[in-house]
Amino acid sequence: MKLWRCGVCGYIHDGSTPPEKCPKCGAPAERFSEVDDKETELIRRSRYTNDLHCRLIALMEQVEEIAEAGIDDDLDPGCVAVFKRAREEAWIIGQSAKAEIRAHITKGKWS
Ligand SMILES: [Zn+2]
């Protein structure tokens, strides 16, 4: 699979050929050029890392839900302390992952 970049808006298309027209800005296929191997590798790496961050964020949201349930359950102070700690840590990890994604987008690592 090759990557193609729209010369007008920078949209990246995955495929053996460029799209007939850019789905983002409507530019014709002729305005697309193939992304070179080095940059293709970088884009694939970034997508992979992005995917890992997204999975981590989803998991941390689940941890927060479980922790909330445990806090509501309120069996004894020891249990509640564990669930409160889990909620805090999950929130920090989730926020950190989101910050990383934002930083990558700002630096233009992804398209
Ligand atoms: Zn475009």
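Residues numbered from 1 in each chain as written. Predicted model: local features only at pLDDT ≥ 70, side-chain atom pairs only at ≥ 80, totals over all residues. Heavy atoms only, no water.

Colleague: Which parts of the structure should I look at to understand the overall build of the protein?
Modeller: A count of helices and strands for the protein gives two helices and three strands. Listed by position from the N terminus, the elements making up the protein come as β-β-β-α-α. Relative to the 2.2 N^0.38 estimate, which gives 13 Å for 111 residues, the radius of gyration of the protein is 21 Å and therefore markedly larger than a compact globule would have. Along the three orthogonal principal directions, the C-alpha set of the protein runs to about 65 × 25 × 25 Å. Taking all 111 residues of the protein together, the buried fraction comes to 24%. Long-range pairs, those at least 24 residues apart, make up 46% of the contacts in the protein between residues at least 6 apart in sequence. Per element, the accessible surface of the protein, about 7,700 Å² overall, is 55% carbon and sulfur. Looking at charge distribution, the protein has the averaged site of its 17 positive side-chain charges lying 9 Å from that of its 20 negative ones. (Helix = DSSP H or I, 4+ residues; strand = E, 2+ residues; numbered from the N terminus. Rg over C-alpha atoms; globule rule 2.2 N^0.38 Å. Buried < 20%, exposed > 50% of the residue type's maximum accessible area, 1.4 Å probe, protein only. Contact = heavy atoms within 4.5 Å. Areas by Shrake-Rupley, 256 points an atom, 1.4 Å probe, with all protein chains shown as cover. Lys, Arg positive; Asp, Glu negative; His and termini not counted. Charge placed at Lys NZ, Arg CZ, Asp CG, Glu CD.)

Colleague: Help me out: how do you make sense of the coordination of the zinc ion in this one?
Modeller: Think of it this way: four donors in a tetrahedron around the metal ideally sit 109.5 degrees apart, and six in an octahedron ideally sit 90 or 180 degrees apart. Surrounding the zinc ion are the protein donor atoms Cys-6 (SG), Cys-9 (SG), Cys-22 (SG) and Cys-25 (SG), at 2.3 Å. Each of the four donor atoms bound to the zinc ion contributes to angles spanning 105 to 114°, and the resulting shape is tetrahedral. Site description for the zinc ion: donor spacing in sequence, C-x2-C-x12-C-x2-C. Remark: Cys-22 occurs in the loop between strand 2 (12-15) and strand 3 (32-34) and Cys-9 occurs in the loop between strand 1 (2-6) and strand 2; sequence separation between them is 13 residues. With a relative accessible area of 26%, Cys-9 lands in the partly exposed category. (Donors = N, O, S within 2.8 Å, 3.2 Å for Na, K, Ca; no water. Tetrahedral: all angles 85-135°; square planar, octahedral: opposite > 155°, others 65-115°.)

Colleague: When you look at the pattern of salt bridges in this model, what are you seeing that I'm missing?
Modeller: Close approach of charged atoms lets side chains of opposite charge pair. This structure, assessed with the given rule, holds five salt bridges. Between Glu-89 and Arg-85 there is a salt bridge, with its nearest N and O atoms 3.3 Å apart. You can see Glu-89 and its partner Arg-85 sitting in helix 2 (residues 77-106), four residues apart, about one turn around the helix. Relative accessible area serves as the criterion here: at 57%, Arg-85 is assigned to the exposed category. (Salt bridge = Lys/Arg side-chain N within 4 Å of Asp/Glu carboxyl O.)

Colleague: Explanation requested: the sheet that holds strand 2 in the structure shown.
Modeller: Pairing between the strands of a sheet comes from backbone hydrogen bonds, and it takes one of two forms, parallel or antiparallel. Taken together, three strands build an open sheet; the order of strands is 2-1-3 and the sheet is antiparallel. Two strands in the sheet have a free side with no partner beyond their single neighbour: strand 2 and strand 3. Neighbour-to-neighbour, the strand axes of this sheet turn through a mean angle of 30°, independent of strand direction. Pairing of strand 1 with strand 2 involves four bridges; the strand directions are antiparallel. Its bridge partner being in strand 2, Lys-2 is matched across the sheet by Gly-15. Here helix 1 (residues 37-73) sits on the sheet in contact with strand 1 and strand 2, set at roughly 95° to strand 1. (Pairing = 2+ DSSP bridges. Axes fitted to C-alpha atoms, helices over the stretch in contact; angles between N-to-C directions.)

Colleague: Which parts of the structure should I look at to understand the domain arrangement of the protein?
Modeller: By convention, interface size is frequently given as the accessible area that disappears when the constituent parts associate. Taken domain by domain, the protein comprises domain 1 (1-35) and domain 2 (45-111). The gap between the C-alpha centroids of domain 1 and domain 2 is 35 Å. (Domains from an automatic or database assignment.)

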